[in-house]
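Residue strings, one per chain:
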Amino acid sequence: MSKLTAKVIAQPHLFPHLCPVMYELYRTYYDGTSENFFWNDLSQKDYAILLWNPEGQLGGFSTLSILSRQWEGDRIRAIFSGDTIIHRQYWGEQTLPLAWCRLAGQIKAQHPHTPLYWFLIVKGYRTYRYLPLFAKVFYPTYRYPTPPPMQAIADALATQKFGEYYNPKTGLIRFPTSRGHLRGNWADIKAGIRKKPDVRYFLERNPDYYKGDELVCLMELRESNLRSHARRGFLAGLQHPL
């Protein structure tokens with residue numbers, strides 16, 4: 001397996017020639033989109049993490065934006081994760097998670113005393129399974145109920161971002177027509193995987209994930225809530241603010 005190298009690029013510096021390359025990788029795994037829609041969505045993000053193999057080929061990417069709002073008299077911030085794609089041959093490679101956590105630490109360092117959350121919408125079980133690997137406490141999960149204050153923050157962020165498409169009763173974002181859903185075989189889940197507790201819970205909460213429905217998830221990004229590898233990347237980022 002070739003080692004990937006991560007590079008963080010601020011959205012204004014995402015040169016036009018990169019969009020078609022990113023879109024080609026995206027449409028390998030996702031349907032229900034177009035290059036124009038993809039580019040418009042990308043233009044609303046603040047950063048992209050691009051993964052390159054030694055041959056200079058794009059092996060994956062993740063996009064994100066930073067949200068800020070008043071909450072109960074104080075300011076909170078959230079990292080909203082957009083499209084995340086890794087080429088099949090690099091599944092299991094840890095370059096992206098470490099780069100993402102480092103960038104999260106850099107974002108936290110900008111305003112160290114302001115609570116920072118990871119606001120993630122999930123339409124695939126593989127992404128959902130990152131949450132217990134990253135965090136000690138996250139929502140929603142089968143392990144414990146979501147406290148009302150955290151649910152209120154999740155509802156507020158989802159409504160701020162998606163308006164009427166978010167249903168707080170289900171915790172799902174559902175668009176009239178898909179804005180991207182896994183293609184064919186990539187949406188299939190093997191029977192053995194379906195039995196795993198996190199996967200089973202994800203399917204209970206988001207049974208129509210294959211149609212593009214998104215489950216709203218939330219966790220606080222702070223040192224004490226992160227697990228070993230995620231914590232290491234986050235702390236490295238704290239030392240090097242953007």
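Residues numbered from 1 in each chain as written. Predicted model: local features only at pLDDT ≥ 70, side-chain atom pairs only at ≥ 80, totals over all residues. Heavy atoms only, no water.

(A) Helix 1 (residues 18-29), seen in detail. Taking 1.5 Å per residue as the helical rise, helix 1 with its 12 residues ought to reach 16 Å, and the 18 Å between its terminal C-alpha atoms agrees with that figure. Of all the positions in helix 1, only Leu18, Cys19, Met22, Tyr23, Leu25, Tyr26 and Tyr29 are classed as buried. Looking straight down helix 1, one finds its buried side chains confined to an arc of 165°; they lie on one side. (Helix = DSSP H or I, 4+ residues; strand = E, 2+ residues; numbered from the N terminus. Expected span 1.5 Å × (residues − 1). Buried < 20%, exposed > 50% of the residue type's maximum accessible area, 1.4 Å probe, protein only. Arc of directions from axis to C-beta.)

(B) Seen up close, helix 10 (residues 228-238). Of the residues making up helix 10, those classed as buried are Ala230, Gly233, Phe234 and Gly237. Here the buried residues of helix 10 occupy an arc of 100° about the axis, which is enough to place them on one side. Against the buried residues of helix 10 lie helix 3 (95-110) and helix 5 (130-134). (Contact = heavy atoms within 4.5 Å.)

(C) Spatial organisation of the pattern of salt bridges. In this structure the tally under the stated criterion is nine salt bridges. In this structure, the salt-bridge partner of Asp213 is Arg174, at a minimum N-O distance of 2.7 Å. Highlighted residues: Asp213 in the loop between helix 9 (197-205) and strand 10 (214-220) and Arg174 in the loop between strand 8 (172-173) and strand 9 (181-182), separated in sequence by 39 residues. Arg174 sits in the partly exposed class, given a relative accessible area of 47%. Among the salt bridges present, the one from Arg231 reaches Glu223, with a minimum N-O distance of 2.6 Å. Put simply, Arg174, Asp208 and Asp213 are held in one network by salt bridges that share partners. (Salt bridge = Lys/Arg side-chain N within 4 Å of Asp/Glu carboxyl O.)

(D) Expanded view of the state of the cysteines. Evaluation of the coordinates by the stated rule reveals zero disulfides. No disulfide involves Cys217; its nearest neighbouring cysteine sulfur is the one of Cys101, lying 16 Å away. (Disulfide = S-S within 2.5 Å.)

(E) The arrangement of unusual backbone geometry in detail. Tyr139 connects to Pro140 through a cis peptide bond whose omega is -10°. Mapped onto the elements of the fold, Pro140 is located in the loop between helix 5 and helix 6 (148-162). With phi around 50°, Glu72 is a residue other than glycine that occupies positive phi space. Here Glu72 lies in the loop between strand 4 (58-71) and strand 5 (74-86). Given the relative accessible area of 74%, Glu72 is considered exposed.

(F) Layout of the pairing of strand 3 (residues 47-52). When you tally the buried positions in strand 3, you get five out of six residues, the bulk of the element. Relative to strand 3, strand 1 (residues 5-10) runs antiparallel, the two being bridged by six bridges. Within strand 3, the position partnered with Lys7 by the bridge is Leu50. Sheet analysis places strand 3 next to strand 4, joined by six bridges and oriented antiparallel. Across the sheet, residue Leu51 finds its bridge partner in strand 4, namely Gly60. (Pairing = 2+ DSSP bridges.)

(G) Fine view of the nonpolar core. The biggest cluster of nonpolar side chains holds 38 residues, and the ones touching the most others in it are Trp100, Tyr128 and Leu221. For this core, the element with the most residues is helix 3, which contributes seven residues. When residues no more than four places from it in sequence are discounted, the contact partners of Leu221 are Ile79, Trp100, Ala104, Lys108, Leu116, Tyr117, Trp118, Leu226 and Phe234. Ranked by size, the runner-up nonpolar core spans 21 residues in total, among them Tyr117, Ala156, Phe162 and Ile173. (Core = buried A, V, L, I, M, F, W, Y, C linked by side-chain atoms within 4.5 Å.)

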